[in-house]
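Now for the letters of each chain:
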Amino acid sequence: MAALEPKAYSAPDKPLRFAVIGAGMAGILCGIKLREAGFDHFTIYEKADRVGGTWRENTYPGIACDVPAHLYSYSFAPNPEWSHRFAPGDEIQAYFETITRDYGLGRYIRFGDAVTRLRYAGGKWNLETAKGHRDTVDIVLAATGVLHHPRMPEIEGLDTFAGPCFHSARWDHGVSLEGRRVGIVGTGSSAVQIVSAIVKRVRRLVLFQRTAQWILPQENPPYSEAEKEEFRRNPRRIYELREQLAQGFVEHFSNVVVDADSPQLRLLEAMCLANLENNVNDPELREKLRPRYRAGCKRLVVSPDFYQAIQSPNAELVTEAIARVEPRGVRTKDGRLHELDVLVLATGFHVDRFLRPIEVIGRGEKLLDDVWNPRPYAYLSVAIPDFPNLFLLNGPNGPVGNFSLIDVAELQLAYILQLVELIRAGVCREITATHEATARFEKDRAEAAKKTVWVTGCQSWYLDDRGLPMAWPWTFDRFRKVMARPTFEDYALAL
Ligand code: N01
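Every value quoted in this text rests on a predicted model; they were computed, and no experiment measured them.

Looking now at the side chain of Asp341. Among the structural elements, Asp341 can be located in the loop between β17 (337-339) and β18 (342-345). Beyond its immediate sequence surroundings of up to four residues, Asp341 is in contact with Phe161, Gly163, Pro164, Arg180, Arg181 and Arg203.

Turning to the domain arrangement of the protein, a few remarks are in order. We note that the domain assignment places domain 1 (2-149 + 350-494) and domain 2 (158-214 + 258-345) within the protein. Placing the centre of domain 1 and that of domain 2 at their C-alpha centroids yields a distance of 33 Å. Taken together, the 27 residues of domain 1 in the interface contact 25 residues of domain 2. Summed over both partners, the interface of domain 1 with domain 2 comes to about 2,000 Å²; 56% of that surface belongs to carbon and sulfur atoms. Per-residue buried area on domain 1 facing domain 2 is highest for Tyr60, Pro61 and Val453; these three make up 31% of the total on that side. In this assembly, domain 1 and domain 2 are joined by two salt bridges. Measuring nitrogen to oxygen at the nearest pair gives 3.3 Å for the salt bridge that ties Arg170 to Glu57. Across the contact surface, domain 1 and domain 2 share seven residue pairs in polar contact (both at pLDDT 80 or more). Of the residues that constitute the side of domain 1 that touches domain 2, the class distribution is twelve nonpolar, twelve polar and three charged.

Applying the stated rule across the entire model yields one disulfide. Disulfide pairing is shown between Cys297 and Cys458; the S-S distance is 2.1 Å. Here the disulfide of Cys297 and Cys458 is left-handed, its torsion about the S-S bond being about -95°. Residue Cys297 is found in the loop between α8 (283-289) and β13 (301-302), and its partner Cys458 is found in the loop between α12 (435-449) and α13 (476-484); the two are separated by 161 residues along the sequence. As a non-bridged cysteine, Cys30 has Cys428 as the owner of its nearest cysteine sulfur, 19 Å distant. You can call Cys428 buried: its relative accessible area is 0%.

On to unusual backbone geometry, then. Note the cis peptide between Arg356 and Pro357, where omega equals 15°. Mapped onto the elements of the fold, Pro357 is located in the loop between β19 (349-350) and β20 (359-361). Across the junction of Asn373 and Pro374, the peptide omega takes the value 15°, indicating a cis bond. Counting through the fold element by element, Pro374 comes out in the loop between α10 (368-371) and β21 (390-392). For Asp386, which is not a glycine, the phi torsion comes out positive at approximately 75°.

Turning to the pattern of salt bridges, a few remarks are in order. Summed over all chains, the structure comprises 47 salt bridges. Bridged by salt links that share partners, the residues Glu81, Glu225, Glu229, Glu230, Arg232 and Arg233 form one connected network.

Further remarks concern the packing of helix α1 (residues 25-36) against helix α3 (residues 89-102). For the pair α1 and α3, interaxial distance at closest approach is 11 Å and the crossing angle is 20°. Considering their axes alone, α1 and α3 lie roughly parallel with respect to each other. Note that α1 runs across α3; the crossing there is left-handed. Contacts between α1 and α3 involve Met25, Ile28 and Ile32 from the former and Phe96, Ile99 and Thr100 from the latter. Split by residue class, the contact of α1 with α3 holds five nonpolar, one polar and no charged.

This brings us to helix α11 (residues 405-424). The end-to-end C-alpha distance of α11, which contains 20 residues, comes to 28 Å, matching closely the 28 Å that a straight helix rising 1.5 Å per residue would cover. Most of α11 is tucked away, with 15 of its 20 residues classed as buried.

Assignment of secondary structure puts Ile238 in helix α6 (residues 235-257). Spatially, the C-alpha atoms of Ile238 and Pro78 are 6.8 Å apart, while their sequence positions differ by 160 residues.

Criteria and cut-off values
- Residues numbered from 1 in each chain as written.
- Predicted model: local features only at pLDDT ≥ 70, side-chain atom pairs only at ≥ 80, totals over all residues.
- Heavy atoms only, no water.
- Helix = DSSP H or I, 4+ residues; strand = E, 2+ residues; numbered from the N terminus.
- Contact = heavy atoms within 4.5 Å.
- Domains from an automatic or database assignment.
- Buried area = accessible area lost by both parts, 1.4 Å probe.
- Salt bridge = Lys/Arg side-chain N within 4 Å of Asp/Glu carboxyl O.
- Polar contact = N/O pair within 3.5 Å; in protein donor to acceptor, adjacent residues only side chain to side chain.
- Nonpolar A, V, L, I, M, F, W, Y, C, P; charged D, E, K, R; others polar.
- Disulfide = S-S within 2.5 Å.
- Buried < 20%, exposed > 50% of the residue type's maximum accessible area, 1.4 Å probe, protein only.
- Axes fitted to C-alpha atoms, helices over the stretch in contact; angles between N-to-C directions.
- Parallel < 35°, antiparallel > 145°, perpendicular 65-115°, else oblique.
- Left-handed = near helix turned anticlockwise from the far one by under 90°.
- Expected span 1.5 Å × (residues − 1).

Rendered as structure tokens:
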């Protein structure tokens, strides 16, 4: 610890300047917490014209968060107004807009300009944007999201489709679905929510399923006016509820998926299986909907009514593989043409991009694109060797999908700010995760990943090019503990 004493170097004579990239949930959090910590020199760079990230971009019918609303909120900004246990997307978007306003962050955000380049030189990060704006900062906080870059399927003839065709994260609200024949490719969380939301509005719904999903039947009751009034009068009640929800989520999901042998996982599987057996009447359809891998192997899909929706008389589940898309619809390998007016691609995201396509050049002219080839990594998900004073929120190998990403980001930022404090105090100018610590973390992570349910025999967005899960493979309690205080020896501190 002696190395951490302020010695040769004194505290910076100028206030530290930060660039935060992205004004989604994590970027807004950065703005609030930087100000709280007394840092006022920062810009939040946002390429779009509104805050909100995921919730700004995903506006498809039926969108809701599968983490309970009182848990998917900032710990310091409870919201008594959530309408349902699982909040709809537009409420979450409104929440982030309100928070941005309430915390006076507007003047820190530069909208409508994408950061294109970051280069580390002379102990500073030089930043450039698409519009030619330049900035020089001491510290970069990358809050660029994970499920952000839509993955378009490689299907022959996709561009020949005569009607509207769009990705679930690029919903075209100008297209009416009323009385039309709508095809949906994919059966992940997005597709399942879309199916339930639109089946009653469309003339015909065709769901193209490549792999069946386990569906956990979670009801989504509204909060009554009396409950909301109680939350308003007594915010303590929200904290108690949040605590309960967090505990339940950790015990019944987060800690369970990282232990493929856990009895709770068997319980989760039994609940999904009972949902299928009890709620799908036609044996042929039931078999088509029956997954051939363990529940939780893919990110678990929650829905109270998907099975009901797919059994509607106007809905069809197609399990025959897609051969190609034609102007009039989708042709499956059995030669059948499924005629459609609208085609929705609920085909997921490229989850290995993080702050790319920004060109990031670290110490010694190292290109992040090269360093992250073939796959991204970061020490404890927050710091990359050779990229000093650049920290990631919800970066590679964090607990994505395991818990509320808001809690994850809050824990990460509190950890990062402890590192930043060393710079402010004059202990060092530069902080970089060491190669040794990062290699050790990667090795331990790969070992622990073998015990998770994610490697029990399915394809999913959790898996990297080697088939190893890219998510935190330990319990959430362990994550909380690790994030509580940095192991400073795992960082190189330079003057
Ligand atoms: O994407 P996905 P998503 N031909 O990657 C199929 C979060 N989220 O947007 O399983 C045919 O899960 C692919 O098939 P297969 C949540 O963490 C949360 O639905 O690979 N099909 C799969 O069915 C979630 O896990 C919420 O065989 C093709 C689907 O497309 C994550 O976001 C809501 C295909 C992609 O599923 C991603 O969910 C929404 C092809 N060529 C999202 N290519 C909630 O909070 C892909 N597929 C509720």
